[in-house]
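Summary of structural features
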Amino acid sequence: MIIHLGHIQQLVRYPIKSMAGVSLDTASINWYGLEGDRRFAFHRLNDKSDFPWLSASHLPELLLYHPLGLDENAQEPLPAQVRTPEGMIFPVGSADLQHNVAERFGSPVELMKLRSGIFDKGTVSVINLATMSAISREAGQNLDTRRFRANIVIASDTTEPFLEDSWVGGRLIFGGNESGPMLTLTNRDLRCMMINLDPDTARQNPGVMKAVVRMNENYAGVYASVARTGQISVGQSVSLITDK
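Attention here is on the structure that accompanies the text.

Definitions and cut-offs
Residues numbered from 1 in each chain as written. Predicted model: local features only at pLDDT ≥ 70, side-chain atom pairs only at ≥ 80, totals over all residues. Heavy atoms only, no water. Pairing = 2+ DSSP bridges. Helix = DSSP H or I, 4+ residues; strand = E, 2+ residues; numbered from the N terminus. Salt bridge = Lys/Arg side-chain N within 4 Å of Asp/Glu carboxyl O. Buried < 20%, exposed > 50% of the residue type's maximum accessible area, 1.4 Å probe, protein only.

Side note on the sheet that holds strand S3 (residues 26–30)
The pairing of strands in a sheet happens through backbone hydrogen bonds and is either parallel or antiparallel. What the three strands build is an open sheet, ordered S4-S3-S15; its pairing is antiparallel. In this open sheet, the two edge strands, each paired with only one partner strand, are strand S4 (33–34) and strand S15 (230–233). Pairing between S3 and S15: four bridges, direction antiparallel. Pairing of Ser 28 across the sheet is with Gln 231, part of S15.

Following this line, the structure appears as structure tokens:
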């Protein structure tokens, strides 16, 4: 069964884990998610856990670092520079950038690049605009979509929130072309404190996550894996293939 859901409202790539994202009109999807997405992350050198990557949950100010430009020597659309919260601009991978982040964090870090990306769960994150709007109302403030750090924001034809939960197990297709890009929706997105952080100031509002807990057991959005590669664009129609 094929069900029309709506259209793509927004596409965002996050080249460096927990730093600001880059809005896109079109995006290429390869087997590791959106090209250029979360290919870099800072490794906490003193952390011996299974997930030693520095994120905004450890350093909220990471959200205020902005990847800039494109590295013309890279095979993927990767940034050439980063602008710090103070307005300084350093090359990606430079000792200056590494020192700046380490000093702010208070512990040594090393920027690493992984060809397959550095993800918490699935390689692509998807959320419905209606879900974010409902959370905004519950939290009593107008929340920027950037809080949810999704790669794909869908404007569904219905205003019902948390529809994404029912999409898990199905596949998304784009543009009305059954031979085009396809994502398999694998699991719901269990949220962490990062949605409490204002993307422009890094200030925390715990009421945001509390709203998601009350409304949907702290789930908002879904993760996906890539079933078929290709290019997607803002405004493109989105449909769900399901056996339900």
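Observations regarding the pattern of salt bridges
Considering all chains together, one arrives at eleven salt bridges under this definition. When the shortest N-O distance is used, the salt bridge between Arg 39 and Glu 76 registers 3.0 Å. Placement of the pair is Arg 39 in the loop between S4 and strand S5 (40–44) and Glu 76 in the loop between strand S6 (66–68) and strand S7 (81–83), with a sequence separation of 37 residues. By relative accessible area, Arg 39 is classed as buried at 0%. Notably, a salt bridge pairs Glu 138 with Arg 214, separated by 3.0 Å at the nearest N-O pair. Of this pair, Glu 138 sits in helix H2 (residues 129–139) while Arg 214 sits in helix H4 (residues 207–216), and the two are 76 residues apart along the sequence. It is possible to trace a salt-bridge network through shared partners that takes in Asp 144, Arg 146 and Asp 200.

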